[in-house]
Each structure stands twice: as structure tokens, then as C-alpha cells.
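Chain residues, written in single-letter form:
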Amino acid sequence: MNVQAQNYWTSFWEGKEMPESVSAWQFGGSPDELVQLVVDGVKSATCSGHIFYEIENEALPKVDDYSIVLNSKDEPICIIRTSEVSIMPMNEVSVDFAYAEGEGDRSYKYWRDVHIEFFTKELKEVGITFSEDMLLVCERFELIDVK
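Cut-offs and rules
Residues numbered from 1 in each chain as written. Predicted model: local features only at pLDDT ≥ 70, side-chain atom pairs only at ≥ 80, totals over all residues. Heavy atoms only, no water. Helix = DSSP H or I, 4+ residues; strand = E, 2+ residues; numbered from the N terminus. Buried < 20%, exposed > 50% of the residue type's maximum accessible area, 1.4 Å probe, protein only. Patch = residues over 30% accessible without salt bridge, like charges linked within 9 Å, V, L, I, M, F, W, Y side chains within 5 Å. Areas by Shrake-Rupley, 256 points an atom, 1.4 Å probe, with all protein chains shown as cover. Salt bridge = Lys/Arg side-chain N within 4 Å of Asp/Glu carboxyl O. Polar contact = N/O pair within 3.5 Å; in protein donor to acceptor, adjacent residues only side chain to side chain. Contact = heavy atoms within 4.5 Å. Core = buried A, V, L, I, M, F, W, Y, C linked by side-chain atoms within 4.5 Å.

Things to note about unusual backbone geometry
Then step 1. Positive phi, normally seen in glycine, also occurs at Asn57, with a value near 50 degrees.
Then step 2. In this fold, Asn57 is placed in the loop between helix H3 (50-55) and strand S3 (66-70).
Then step 3. Taking relative accessible area as the criterion, Asn57 reaches 73% and is therefore assigned exposed.
Then step 4. In the Ramachandran plot, Arg106 falls in the positive-phi region, its phi being about 70 degrees despite a non-glycine side chain.

Quick notes on a nonpolar patch on the surface
Then step 1. Together, Ile55, Val126 and Ile128 give the surface a local cluster of nonpolar side chains, amounting to about 220 Å² of exposed area.
Then step 2. The topology assignment puts Ile128 in the loop between helix H5 (108-125) and strand S5 (135-146).
Then step 3. A residue is classified by how much of its surface remains accessible, and Ile128, at 31% relative accessible area, is partly exposed.

Quick word on the side chain of Arg81
Then step 1. Looking at the secondary structure, you find Arg81 in strand S4 (residues 76-89).
Then step 2. Within the structure, the side chain of Arg81 is placed 2.7 Å from the side chain of Glu142, a separation counted as a polar contact.
Then step 3. Leaving out residues up to four positions away in the same chain, Arg81 has contacts with Val63, Asp64, Asp65, Tyr66, Arg140, Phe141, Glu142 and Ile144.

As for the environment of Asp96
Then step 1. Position of Asp96 among the secondary structure elements: in helix H4 (residues 95-100).
Then step 2. Counting along the chain gives 38 residues from Asp96 to Met134, while the straight-line C-alpha distance between them is 19 Å.
Then step 3. At 2.7 Å, the side chain of Asp96 forms a polar contact with the side chain of Arg140.

What about the nonpolar core?
The nonpolar side chains of a soluble globular protein tend to be buried with one another.
Then step 1. Core analysis: the largest hydrophobic core is formed by 16 residues, its most contacted members being Cys47, Met90, Trp111, Phe119, Phe130, Met134 and Leu136.
Then step 2. Of all the secondary structure elements, the ones that give two or more residues to this core are strand S2 (45-49), H4, H5 and S5.
Then step 3. Per-element tally for this core: the top contributor is H5, with 4 residues.
Then step 4. In contact with Phe130, not counting residues within four places along its chain, are Met90, Ile116, Phe119, Thr120 and Leu123.

Okay, structure coming up:
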């Protein structure tokens, strides 16, 4: 976590019981656009490929995890708290979840097309072929604070 994010986190929790852990990260694809959707109250869900957690030896998210969402310049924009985590094949993601991701026209078709394009590109970079039954880590979250 960079100094700006750490300072934001510490300042936000001053005088309150601070959770033990927090991570700081950007949304993939279009970090500035996606974090703005969170700030605007449009985006309340996100997903990532389960395989990337394995490749990067990273722990899966869990309920009550806190995150500082960064923009494309690694500046902290907001704090979110994970409220739900599900692991499922991409082709089983619900229309409701796609809508909660808040992107484009919020349709399932838009969500599917954008995610197929994104995951095809990301998987190709690590030598894996995209498949619509790839496992996704689907998270719902709530906005806690905007810097």
C-alpha cells in the first residue's frame, strides 16, 4: 500500500476501532471510470478470474474485507467493504449481478461482452485460453467513504 492510501486509511479510522487489514487496488480495464461508478453509487459489485488468485498466490476476498480503491494514478478515492463473495462459472453469473457491476448500459449482454474481451486478453498474457465456464470470484461491496 502506498503512503497516500495508508494516510487515508489511518485518517478515516482515527478515534474508531480500525479493522486489522486492508488492501489497496485499482479496478482492471478502466480504473478511473470504474471507481467513479462506485463513488456515484452505481457500481456495487465486481468480479475477477479465480485463476489469477492462484497464479499470484493471493488470498481470496472474504466478507468484511476492506479495500481502498485507487484511481489510475494510484491515488486513493474511496473505501469499500466486501459484503458477499461467491465463486461461480462465468456462464452462471446472474443478470442481477451483472447489473450491480454498473458498467455500460448495465445489461447482461454488455457485461458478458466486456468481460469476455477482458478475460480473453488477460488470460492470453499468462498462456491460458478463455472459456465461458472459467471460475469467477464475484464480490458485492458497500461504499464506506469517499475521500
